[in-house]
Amino acid sequence: MAQFEPRIVAFLCRWCSYTGADLAGTSRLKYPPNVLPIRVMCSGRVDPTFVVNAFRKGADGVLICGCHPGDCHYNEGNYNMMRRFPLVRKLLAQFGVEPERVRLEWVSASEGDRYAEVVAEFTDEIRKLGPLEWAPMMAPPPVQTAESVVTAK
Ligand code: FES
């Protein structure tokens with residue numbers, strides 16, 4: 001049987017982590033190709049609904065990466081994310097999603113190797129958790145028309 005390959009969405013801050021991911025690529029570091037990177041202006045821009053929507057649309061894991069504390073281009077964006085993160089995990093737990101499926105990491109522009117490590121580690125962790133299969137559960141219920149109610153008998 002083929003090994004489960006998780007789909008991971010990564011929100012990467014434009015100033016540090018996205019550049020770090022780019023460096024990992026240009027340095028030809030090897031890391032799993034399971035991550036779909038999405039560039040955001042700051043980790044503080046990652047609204048909890050982004051995370052929920054990623055899972056709703058089929059992600060098995062969500063990675064959020066930003067500048068190291070004290071290095072945020074907008075001064076406090078990553079501190080805001082740091083405060084919001086436990087709430088995001090709690091929210092996911094309420095929906096029945098293992099909180100380990102979301103991860104927050106600090107990766108600077110010069111840390112391509114760290115980015116590769118984080119991705120490899122997280123991919124492995126999500127692989128162990130298995131597929132989330134949350135998307136079908138979260139699909140909106142079918143719209144009932146008067147005709148469908150009448151013909152359902
Ligand atoms: S700009 Fe990178 S975390 Fe804020």
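As the structure is a prediction and not an experimental result, all values here were calculated from the model.

So, the sheet that holds strand 4 (residues 102-106)
- Reading across the sheet, the 4 strands line up as 2-1-3-4 and stay open at both edges, with parallel pairing between neighbours. Looking at the sheet topology across the chains shown, the edges are occupied by strand 2 (35-40) and strand 4. Direction aside, neighbouring strands of the sheet carry axes that sit 20° apart on average.
- As paired elements, strand 3 (residues 61-66) and strand 4 share 5 bridges and run parallel to each other. Bridge pairing in strand 4 places Gly-66 opposite Trp-106.
- Seen against the sheet, helix 2 (residues 48-56) touches strand 1 (8-13), strand 3 and strand 4 and runs at an angle of roughly 145° to strand 3.
- Together, strand 3 and strand 4 form the strand contacts of helix 3 (residues 77-94), whose direction differs from that of strand 4 by roughly 165°.

A closer look at the pairing of strand 3
- With 6 of its 6 residues buried, strand 3 lies for the most part within the structure.
- Neither face of strand 3 is open: one carries Gly-61, Leu-63 and Cys-65, the other Val-62, Ile-64 and Gly-66, and all of them are buried.
- Across 5 bridges, the pairing between strand 1 and strand 3 is parallel. For Val-9, the partnering residue across the bridge sits in strand 3 and is Val-62.
- This β-α-β element, strand 3 to helix 3 to strand 4, shows right-handed connectivity.

Section: the nonpolar core
- Residues Ile-8, Ala-10, Leu-12, Cys-13, Val-62, Leu-63 and Ile-64 are the most contacted members of the largest nonpolar core, which totals 40 residues.
- Only strand 1, helix 1 (17-26), strand 2, helix 2, strand 3, helix 3, strand 4 and helix 4 (112-129) provide two or more residues apiece to this core.
- Setting aside chain neighbours within four positions, we find Cys-13 in contact with Tyr-18, Val-40, Cys-42, Ser-43, Cys-65, Gly-66 and Cys-67.

Some thoughts on the packing of helix 1 against helix 4
- For the pair helix 1 and helix 4, the least separation of the axes is 7 Å and the interaxial angle reads 90°. By the criterion of interaxial angle, the relationship of helix 1 to helix 4 is roughly perpendicular. In this structure, helix 1 uses Ser-17, Gly-20, Ala-21, Leu-23 and Ala-24 to contact helix 4, whose residues at the interface are Gly-112, Arg-114, Tyr-115 and Ala-116.
- Per-class residue counts for the contact of helix 1 with helix 4 are 5 nonpolar, 3 polar and 1 charged.

A short note on helix 3
- Over its 18 residues, helix 3 runs 25 Å from end to end, which matches the ideal 26 Å to within 8%, given 1.5 Å per residue.
- If you look at helix 3, its biggest bend is around 35°, right at Arg-84, and the proline Pro-86 turns up within four residues after that.
- Buried within helix 3 are the following residues: Gly-77, Asn-78, Met-81, Val-88, Arg-89 and Leu-92.
- The secondary structure elements touched by the buried residues of helix 3 are helix 2, strand 3 and strand 4.
- Positive backbone phi, at 85°, marks Gly-96, one or two positions downstream of helix 3.

A word on unusual backbone geometry
- Its identity is not glycine, yet Arg-28 carries a phi of approximately 60°, on the positive side.
- Its place among the elements puts Arg-28 in the loop between helix 1 and strand 2.
- Taking the C-beta count within 10 Å as the criterion, Arg-28 has 7 such neighbours and is therefore assigned exposed.
- Positive phi, normally seen in glycine, also occurs at Asn-75, with a value near 65°.

Cut-offs and rules
Residues numbered from 1 in each chain as written. Predicted model: local features only at pLDDT ≥ 70, side-chain atom pairs only at ≥ 80, totals over all residues. Pairing = 2+ DSSP bridges. Helix = DSSP H or I, 4+ residues; strand = E, 2+ residues; numbered from the N terminus. Axes fitted to C-alpha atoms, helices over the stretch in contact; angles between N-to-C directions. Contact = placed C-beta atoms within 7 Å. Buried ≥ 20, exposed ≤ 12 C-beta atoms within 10 Å, placed from the backbone. Right-handed = clockwise from strand over helix to strand, strands pointing away. Core = buried A, V, L, I, M, F, W, Y, C linked by C-beta atoms within 7 Å. Parallel < 35°, antiparallel > 145°, perpendicular 65-115°, else oblique. Nonpolar A, V, L, I, M, F, W, Y, C, P; charged D, E, K, R; others polar. Expected span 1.5 Å × (residues − 1). Bend = angle between axes of the 7 residues up to and from the residue.

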